[in-house]
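An overview of the molecular structure
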Amino acid sequence: MLVFMPEGVFRRAFQLALWGCVLVVAWLAFAPFAEPAGFSWDKANHVLAFCVMAALADGGYPGRDRELPRWGLLLGYGLGIELVQWQLPYREFSWLDLVANVVGVLLYLGLRAWVGWRIRRPHGPVRSRS
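As the structure is a computational prediction, the values presented were derived from the model and not from experiment.

Evaluation of the coordinates by the stated rule reveals 4 aromatic pairs. Considering the side-chain rings of F93 and W95, the 5.0 Å spacing of their centres and the 75° angle between planes classify their relative orientation as edge-to-face. With relative accessibility at 22%, the residue F93 sits in the partly exposed group. Using a relative accessible area of 63% as the deciding quantity, one classes W95 as exposed. In this structure, R70 is placed above the aromatic ring of W71, and the distance from its NZ or CZ to the ring centre is 4.8 Å.

This is the structure we're talking about:
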């Protein structure tokens, strides 16, 4: 069934998922939790969130010409979160959170490159079973 869906449907699904993720991440970032939601180590949450958002942004807004704006806006969003947290009495600004955001985007780019390489690499000769 998915084979017959137009490409625009997938792109729209990625866009909606991205914006939903952006809202959930903002809520998690600004809510007054005593402990971080998700993994107990806050930096892992940042890496995972930005890796997922990078994948969704890549699927929702594809194209090499959109590459720099896509990653710039995503990392700018991370900076915006930190600037808002700086103003909240129960949160704080963290340079390490920004680093973890960058690591999340770079992790996605590395995974994307690895998957692309695996798909494009030539396969060895096929051996006959006789």
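Empty space within the second largest pocket amounts to approximately 280 Å³. Every residue along the wall of the second largest pocket is listed here: L18, W19, V22, A57, Y61, R66, P69, R70, L73, L74 and Y77. Elements represented by at least two residues in the lining of the second largest pocket include exactly α1 (7–30) and α3 (67–87). In terms of residue count, the dominant contributor to the lining of the second largest pocket is α3 (5 residues). Grouping the amino acids of the lining of the second largest pocket by side-chain chemistry returns 9 nonpolar, no polar and 2 charged.

Here, UniProt's "transmembrane region" (unreviewed entry) annotation points to residues 93–111. Overall, residues 93–111 shows 89% helix and 0% strand. The separation of its end C-alpha atoms is 29 Å.

Turning next to the nonpolar core. Counting 17 residues, the largest nonpolar core has M53 and L74 as the members making the most contacts within it. Listing elements by their share of this core, those giving two or more residues are α1, α2 (42–60), α3 and α4 (95–120). When residues in this core are grouped by element, the largest group, 7 residues, is from α2. Setting aside residues no more than four positions away along its own chain, L74 makes contact with F50, M53, A54 and V105.

This next bit is on α3. Compared with an ideal rise of 1.5 Å per residue, which puts 21 residues at 30 Å, α3 spans 31 Å between its outermost C-alpha atoms and is within 8% of the ideal. Among all positions in α3, only E67, R70, W71, L74, G78, I81, E82 and Q85 are buried. Seen end-on, α3 carries its buried residues on one side only, within an arc spanning 120°. For α3, the exposed residues lying more than 90 degrees away from the buried face are L68, L73, W86 and Q87. Of the surrounding elements, those touching the buried residues of α3 are α1, α2 and α4.

This part covers a nonpolar patch on the surface. On the surface, V24, W27, L28 and F33 cluster together to form a nonpolar patch covering roughly 370 Å² of accessible area. One can find W27 in helix α1. Overall, W27 belongs to the exposed group, its relative accessible area being 54%.

Rules behind the numbers
- Sequence order as written defines residue numbering, which begins from 1 separately in each chain.
- The model is predicted, so local features are restricted to residues of pLDDT at least 70 and side-chain atom pairs to those at 80 or more, both for listing and for counting; the totals for chains, interfaces and linings are taken over all residues.
- Hydrogens and water molecules were not included; the side-chain quantities draw on all heavy atoms of the structure.
- Ring pairs shown here join Phe, Tyr and Trp side chains whose ring centres sit within 6.5 Å, with only the six-membered ring taken for Trp; geometry is labelled stacked below 30 degrees between planes, edge-to-face above 60, and tilted in between.
- Buried, partly exposed and exposed residues are distinguished by accessible area as a fraction of the type maximum, computed with a 1.4 Å probe on protein chains only: under 20%, between the cut-offs, and over 50%, respectively.
- In this analysis the charged atom, NZ for Lys or CZ for Arg, is taken to sit over a ring once it is within 6 Å of the ring centre and within 35 degrees of the ring normal.
- Of the two site types, the cavity is a set of points on a 1 Å grid over the protein atoms alone where a 1.4 Å probe fits but cannot get out, and the pocket is an open set with protein on both sides within 12 Å along at least five of seven lines, each lined by residues with an atom within 4 Å of a point.
- Grid points are joined across faces, edges and corners, and a volume is the space filled by probe spheres set on the points.
- The secondary structure listing takes helices from DSSP runs of H or I that are at least 4 residues long and strands from runs of E that are at least 2 residues long, numbered from the N terminus.
- Residues are grouped as follows: Ala, Val, Leu, Ile, Met, Phe, Trp, Tyr, Cys and Pro are nonpolar; Asp, Glu, Lys and Arg are charged; every other residue, Gly included, is polar.
- UniProt positions are given in the numbering used here, feature names are shortened, and annotations may be inferred rather than shown by experiment.
- In this text, buried Ala, Val, Leu, Ile, Met, Phe, Trp, Tyr and Cys residues form a nonpolar core when linked through side-chain atoms within 4.5 Å.
- We call two residues in contact when some of their heavy atoms are within 4.5 Å.
- Here, expected helix span is obtained from the residue count minus one, scaled by 1.5 Å.
- Directions pointing from the helix axis toward each C-beta atom define the arc.
- Distance thresholds for patches are 9 Å for like charges and 5 Å for nonpolar side chains (Val, Leu, Ile, Met, Phe, Trp, Tyr), applied to residues having over 30% relative accessible area and no salt bridge.
- Residue exposure ignores everything except the shown protein chains as possible cover, and the areas themselves are Shrake-Rupley values with a 1.4 Å probe.
- Any Lys or Arg side-chain nitrogen found within 4 Å of a carboxyl oxygen on Asp or Glu counts as a salt bridge.

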